[in-house]
There are 2 protein chains.
Amino acid sequence: MADGPRSATARAHSNIAFVKYWGNRDHRLRLPANSSISMNLADLHTTTTVAWERSLRLDTLRINGALAADSALERVRNHLDMLRARFKTRRYARVCSMNNFPMGTGIASSASAFAALTMAAGTALGLNLSERELSILARMGSGSAARSIPSGYVEWHAGHSHETSFAETFASSDHWKLIDVIAIVSRAHKRTGSSAGHETAGSSVLQPARIGSAADRMGAVKSAIMRRDFEQFASVVEEDSNLMHAVMMTSDPPLLYWAPLSFAIMKEVRHWRTVEHLQVCFTLDAGPNVHCICASTDADAVVARLQALSSELEILRSTVGCGAYILKP
Amino acid sequence: MADGPRSATARAHSNIAFVKYWGNRDHRLRLPANSSISMNLADLHTTTTVAWERSLRLDTLRINGALAADSALERVRNHLDMLRARFKTRRYARVCSMNNFPMGTGIASSASAFAALTMAAGTALGLNLSERELSILARMGSGSAARSIPSGYVEWHAGHSHETSFAETFASSDHWKLIDVIAIVSRAHKRTGSSAGHETAGSSVLQPARIGSAADRMGAVKSAIMRRDFEQFASVVEEDSNLMHAVMMTSDPPLLYWAPLSFAIMKEVRHWRTVEHLQVCFTLDAGPNVHCICASTDADAVVARLQALSSELEILRSTVGCGAYILKP
């Protein structure tokens, strides 16, 4: 490597899972308990610059301009340690990361963050990593980051080892123009982050049943997406979201990520679909915000109905996004 | 039997389950998928008079003074058919039933109703039925009615046949003076009644896990009640309620019995216990109302906090009740 700073900037999108990741079979490697499916969110992204510098004696991290400390910094340092060991460099890195969406509210900021970080870090070192290698490495930072590397509709194969647990595209972003209309029920940082939550999944008596039936839902969601069958898609996506939250709320300690307003919106969404025949269904990650996945023709109607429910509700909206990419090599 | 009318009046109490009944192994006999535990509610009762009359050509039913028709009448007639066949009478019955609490809101009106009906019907025929026989017969009308026959803290043995599926007392009503403070979130009649709901339980992938782990919770709740250990009691009771609702919301079709306000109260109750150290926990049946089970010393504080949450919230309150009994032979 040359003596000067080596830097690169990468962008990765957040993703929303239709078959959820919750719980690991191997915590250290973040090998998930089950395979999962998601789509990337074009309008929610993290842009990260990594500069490996000779003069640094420690990694530094800025998020949205502010110097990060504590757990965010520690998690990034652990990831950089892993990359240093793998790529045989002793340099430390200056990391600047910008999110265009609120963090810690159940919109997976860690997914886009670790996908962008991994891609920027590798490119800055002059490495030419394959999509699969990037997905595997991003997974080590945050499981769902594996899914933010490939483009469009993505399947993360649970795999049985470090090398076999990666995500890949199974349908392109223009295959089906779904829209994610996100009701921001709360911007507050969640009390139990996903990484800690994953470790409690095994304490629910329901987790084995969720895992044991995940392959059926994977097949049903993939087939619904390939056929653009919204009805089948909706029923499996809502069931899968409810299954994950069922595990969460029966864990020790119980995790209640929903807010009362989340629950009200879930019921409304079901009503809009089953009675008013809008093509919309809900799914919630480890937070209170409700992702209303809509056919593009019905997104405006869903936004209007959400605003009618609560005029103060902040609403984000995203189309299907591409994979992680280099902005500036 | 003499020629004149034979009548009797019985009273039975509602009950609230700590380990829930949801799903049958035999729908016709109402043999439950798992054993359950409850306490009777002294202040919520049904008083039923049954008069077997020679002159009647059909059973008639009044509930709270009004002639009943449709499904309520049909269900009572089916139960009376069963009793007629078993007790070898051809008479029809005039049934008058009074509830002192709202029906169809997740407070088990069918439990107290079929317990009182069964006891009044048998007594009016001059039969001297044992508590076990009454519990078995009441079960045929409504599963949880089996638990409203014995007194105090009750265990319903799932059993493996008609004769072995009955409830009995395992701790008397004065063993531990718990209070049920019930937040009436809605008086509206629920859309999917429990009987129909029980038949969907098997469609959730989570039901086998709930059933398979029920024996552990039975043991834990019984032991907590015997030792008056509120902490252990609370954690298992809330887990069991969440498990049942997890099965409901992942059934086909999904059953969402909670209202947003139910969910808000559940979160508050958890906060009151874990942060403010009140002895209170929540449990919800097939409806939106929240049963806040409290130590008697903390019931006033719980009522005050519920009223502070929503001044319009109607609140019922009950101590532990005795078993079904004859008011007028």
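Scroll up for the structure.
Here's what I pulled together on the structure shown here. Fair warning: this is a prediction, and the values are worked out from it, not measured in the lab. (Residues numbered from 1 in each chain as written. Chains lettered and ligands numbered in written order. Predicted model: local features only at pLDDT ≥ 70, side-chain atom pairs only at ≥ 80, totals over all residues. Heavy atoms only, no water.)

1. So, the interface of chain A and chain B
Rules: Two residues qualify as a contact provided that any one of their heavy atoms is within 4.5 Å of a heavy atom in the partner residue. Buried area adds together the accessible area that both of two parts lose upon being put together, with accessible area traced by a 1.4 Å probe. In protein, a polar contact requires one atom able to donate a hydrogen and another able to accept it; more generally it is a pair of N or O atoms within 3.5 Å, and residues adjacent in sequence count only if both atoms are side-chain atoms.
With 21 residues of chain A at the contact, the number on the chain B side is 21 residues. For the pair chain A and chain B, the summed buried area comes to about 2,200 Å², and 76% of that belongs to carbon and sulfur atoms. Taken as a group, V205, L256 and F263 of chain A account for 24% of the area that chain A buries against chain B, more than any other trio of residues on that side. At the surface where chain A touches chain B, the tally comes to six residue pairs in polar contact (both at pLDDT 80 or more).

2. Let's talk about the relation of the copies chain A and chain B
To keep it simple, the criterion reads: The copies are overlaid by a least-squares fit using only the C-alpha atoms of residues whose pLDDT is at least 70 in both copies.
Of the transformation placing chain A onto chain B, the axial shift is 0.0 Å and the rotation is 180°, giving an RMSD of 0.0 Å. Such a turn and shift between the copies fits a two-fold axis. Residue by residue, 100% of the interface of chain A is reproduced at the interface of chain B, so both copies engage with the same surface.

3. Focus on the pattern of salt bridges
Filter applied, for reference: One side-chain nitrogen of Lys or Arg within 4 Å of one carboxyl oxygen of Asp or Glu is enough to make a salt bridge. Burial classes follow relative accessibility: with a 1.4 Å probe on protein chains only, a residue under 20% of its type's maximum area counts as buried, one over 50% as exposed, and anything between as partly exposed. A helix here means a DSSP run of H or I that spans at least four residues, while a strand means a run of E at least two residues long, and both kinds are numbered starting from the N terminus.
As enumerated under the stated definition, the model contains 22 salt bridges over all chains in all. Residue R227 of chain A is joined to D229 of chain A by a salt bridge in which the shortest nitrogen-to-oxygen separation is 3.1 Å. Classification of D229 of chain A by relative accessible area gives partly exposed; the value is 22%. Note that E53 of chain B is salt-bridged to R94 of chain B, the shortest N-O span being 2.9 Å. A residue pair is termed long-range when its members are at least 10 positions apart, and E53 of chain B in strand β4 (residues 36-53) and R94 of chain B in strand β7 (residues 92-99) qualify at 41 residues. Using a relative accessible area of 15% as the deciding quantity, one classes E53 of chain B as buried. Taken together, the shared-partner salt bridges connect D59, D81 and R84 of chain A into one network.

4. Some points on the packing of aromatic side chains
All names here are of chain A. To be explicit about the condition: Pairing of aromatic side chains here covers Phe, Tyr and the six-membered ring of Trp, requires ring centres within 6.5 Å, and sorts the geometry by plane angle: under 30 degrees stacked, over 60 edge-to-face, intermediate tilted.
For the structure shown, the criterion picks out 19 aromatic pairs over all chains. Look at F230 and F233: their rings are 5.7 Å apart centre to centre, the planes differ by 55°, and that puts the pair in the tilted class. Of this pair, F230 and F233 are both found in helix α7 (residues 230-249), three residues apart, which corresponds to roughly one turn of the helix. Look at F230 and you get buried, because its relative accessible area is 2%.

5. Some points on the pairing of strand β10 (residues 178-184) of chain B
Residue and element names in this part refer to chain B. Basically, it comes down to this: Strands qualify as paired when DSSP identifies two bridges or more between them.
The buried count for β10 comes to seven of seven residues, which makes it a mostly enclosed element. When β10 meets strand β13 (residues 314-318), the two strands line up antiparallel, connected through five bridges. If you follow I182 over to β13, its bridge partner there is L316.

6. Some thoughts on the sheet that holds strand β10 (residues 178-184) of chain A
All names here are of chain A. Short version of the rule: As a rule, the C-alpha atoms of each element are fitted with a line to give its axis, helices using only the stretch in contact, and angles between N-to-C directions run from 0 to 180 degrees.
The strand order β11-β12-β10-β13 describes an open sheet built from four strands, whose pairing is antiparallel. Each of the sheet's edge strands pairs with one partner strand only, and the pair in question is β11 (280-283) and β13 (314-318). When strand polarity is set aside, the average angle formed by the axes of neighbouring strands in this sheet is 25°.

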